[in-house]
Amino acid sequence: MELIDYEQEQRLYEVMSENCIRLDWVKKVFNVNTLKEVNVWQYNYLLLIIEKVKEIKGK
């Protein structure tokens, strides 16, 4: 699997910060030690889930 690049990693940090998502939670869910180990599929999936929750919550 292709891993995320630097820009995607930075975007992920931003999204996590904006939505109060803890780094340790993401690492446990994706079974990785650092965000550099997150693959593109996982990255896209997490962003999709966050957007769907925002739609439901009305943010």
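Every chain begins its residue count from 1, and numbering advances along the sequence as written. Local features in a predicted model are, by the rule used here, given only for residues with pLDDT of at least 70; side-chain atom pairs are given and counted only at 80 or more, and totals for whole chains, interfaces and linings are based on all residues. Processing note: side-chain calculations cover all non-hydrogen atoms of the structure and skip hydrogens and water entirely.

Thoughts on a nonpolar patch on the surface
Put simply, the test is: Like-charged residues within 9 Å of one another, or nonpolar side chains (Val, Leu, Ile, Met, Phe, Trp, Tyr) within 5 Å, are grouped into patches, provided each residue has over 30% relative accessible area and no salt bridge. For the accessible areas, the method is Shrake-Rupley and the probe is 1.4 Å, while residue cover comes only from the protein chains on display. A side-chain nitrogen of Lys or Arg and a carboxyl oxygen of Asp or Glu constitute a salt bridge if their distance falls within 4 Å. Helix numbering and strand numbering both begin at the N terminus, where a helix is a DSSP run of H or I of at least 4 residues and a strand a DSSP run of E of at least 2. Between buried and exposed lies partly exposed: a residue is buried under 20% and exposed over 50% of the maximum accessible area for its type, with that area taken using a 1.4 Å probe on protein chains only.
Together, Met1, Trp41, Tyr45, Ile49 and Val53 make up an exposed nonpolar region whose accessible area comes to about 590 Å². Position of Tyr45 among the secondary structure elements: in helix 3 (residues 40–57). A relative accessible area of 41% means that Tyr45 is categorised as partly exposed.

Observations regarding the packing of aromatic side chains
Using the following cut-off: Centres within 6.5 Å are what make two rings of Phe, Tyr or Trp a pair, Trp counting through its six-membered ring; a difference in plane orientation under 30 degrees is then read as stacked, over 60 as edge-to-face, and the rest as tilted.
Enumeration according to the criterion identifies one aromatic pair in this entry. Taking the centre distance of 5.1 Å and the plane angle of 5 degrees together, the rings of Trp41 and Tyr45 count as stacked. In this pair, Trp41 and Tyr45 both sit in helix 3, four residues apart, roughly one turn of the helix.

Some points on the confidence of the model for the chain
Our working rule: How sure the predictor is of each residue is captured by pLDDT, a score from 0 to 100.
When pLDDT is averaged along the chain, the result is 94, and 98% of the positions lie at 70 or above. Mean pLDDT per element in the chain: helix 3 is the minimum at 94, and helix 1 (residues 6–18) is the maximum at 96.

A look at the environment of Glu9
This is how the line gets drawn: Any pair of residues with heavy atoms lying within 4.5 Å of one another is described as a contacting pair.
When you line up the elements, Glu9 lands in helix 1. The buried category is assigned to Glu9, whose relative accessible area is 9%. Through-space distance from the C-alpha of Glu9 to that of Val38 is 8.5 Å; in sequence the pair is 29 residues apart. Setting aside residues up to four positions removed in sequence, Glu9 forms contacts with Ile4, Leu35 and Lys36.

Looking at the packing of helix 1 against helix 3
How we decide: Only the stretch in contact is used when fitting a helix axis, every axis being a line fitted to C-alpha atoms; angles between N-to-C directions are given from 0 to 180 degrees. Any angle that falls under 35 degrees is termed roughly parallel, while one over 145 is termed roughly antiparallel, one within 65 to 115 roughly perpendicular, and all others oblique. The sense of a crossing depends on the near helix, which, turned anticlockwise from the far helix by less than a right angle, makes the crossing left-handed and, turned clockwise, makes it right-handed. Polar here means any residue outside two lists: the nonpolar Ala, Val, Leu, Ile, Met, Phe, Trp, Tyr, Cys and Pro, and the charged Asp, Glu, Lys and Arg; Gly therefore counts as polar.
In the contact formed by helix 1 and helix 3, the axes pass within 11 Å of each other and the chain directions differ by 30 degrees. Accordingly, the angle class assigned to the pair helix 1 and helix 3 is roughly parallel. As for the relative orientation of helix 1 and helix 3, their crossing is left-handed in sense. In this structure, helix 1 uses Gln8, Arg11, Leu12 and Val15 to contact helix 3, whose residues at the interface are Val40, Tyr43, Leu46, Leu47 and Ile50. Residues that form the contact of helix 1 with helix 3 fall into these classes: seven nonpolar, one polar and one charged.

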